[in-house]
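# Remarks on the overall topology
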Amino acid sequence: MKMHSANYQNTFIVIADDSPATCGEIPPVKADKISVANIQFEMISKNPYKFTSDDVLFQVYAERKDLTESELEEARKEFFSKGQACLRASPLTKRYGWGVHHDSEGKIALVGYDSEAYRKFSEDKSLKVVKAMKSSR
């Protein structure tokens, strides 16, 4: 079975051109529903450069499907047997003003749009800079 990956290395994802954000915003928690943005934000912001994109994408899937520990290994193989949208399609990069830096090992960290680090990463010639996907066509 072919395995697909959404990981990048030495890459910076800048926010979408049509993002309404002017800074990195914490995604709001809506009533009793934890959103994809909430799970991604918690995981990445509390653990910079600990996880890859694939780790984060699969964790969102696992939490939303309420998978048990014994189901995780097989579910991960099944999940990545098909191509998955990368973090360029994340609500963090499309709506909430977060850039995503991928280091040389593919580990990721969030970078707020209004920060000096965001400006430096977006101008860094040693990184591949890609834009998040627009919400509108």
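Model, not experiment: these values are computed from the prediction.

### Quick word on the overall build of the protein chain
From N to C terminus, the protein chain includes five helices and four strands. Its C-alpha radius of gyration of 15 Å places the protein chain within 12% of the 14 Å reference for a compact globule of 137 residues. The principal-axis extents of the C-alpha atoms in the protein chain amount to approximately 45 × 40 × 30 Å. By residue count, 40% of the 137 residues in the protein chain fall in the buried class. Expressed as a percentage of contacts within the protein chain between residues at least 6 apart in sequence, the contacts between residues at least 24 apart total 74%. Put simply, the protein chain shows about 8,000 Å² of open surface, and 50% of that area lies on carbon and sulfur atoms. Of the charged side chains in the protein chain, 21 are positive and 20 negative, and the gap between their average positions amounts to 6 Å.

### Describing the packing of helix H2 (residues 53-65) against helix H3 (residues 72-79)
Direction vectors running N to C along H2 and H3 enclose 115°, while the axes themselves pass 11 Å from each other. With respect to each other, H2 and H3 are oriented roughly perpendicular. Classified by chirality, the crossing of H3 by H2 is right-handed. For the pair H2 and H3, contact is made by Asp54, Asp55, Leu57, Phe58, Tyr61 and Ala62 and by Leu72, Ala75, Arg76 and Phe79, respectively. Of the residues that constitute the contact of H2 with H3, the class distribution is seven nonpolar, no polar and three charged.

Cut-offs and rules
- Residues numbered from 1 in each chain as written.
- Predicted model: local features only at pLDDT ≥ 70, side-chain atom pairs only at ≥ 80, totals over all residues.
- Heavy atoms only, no water.
- Helix = DSSP H or I, 4+ residues; strand = E, 2+ residues; numbered from the N terminus.
- Rg over C-alpha atoms; globule rule 2.2 N^0.38 Å.
- Buried < 20%, exposed > 50% of the residue type's maximum accessible area, 1.4 Å probe, protein only.
- Contact = heavy atoms within 4.5 Å.
- Areas by Shrake-Rupley, 256 points an atom, 1.4 Å probe, with all protein chains shown as cover.
- Lys, Arg positive; Asp, Glu negative; His and termini not counted.
- Charge placed at Lys NZ, Arg CZ, Asp CG, Glu CD.
- Axes fitted to C-alpha atoms, helices over the stretch in contact; angles between N-to-C directions.
- Parallel < 35°, antiparallel > 145°, perpendicular 65-115°, else oblique.
- Left-handed = near helix turned anticlockwise from the far one by under 90°.
- Nonpolar A, V, L, I, M, F, W, Y, C, P; charged D, E, K, R; others polar.

Remember, this is a structural readout, not a statement about activity or role.
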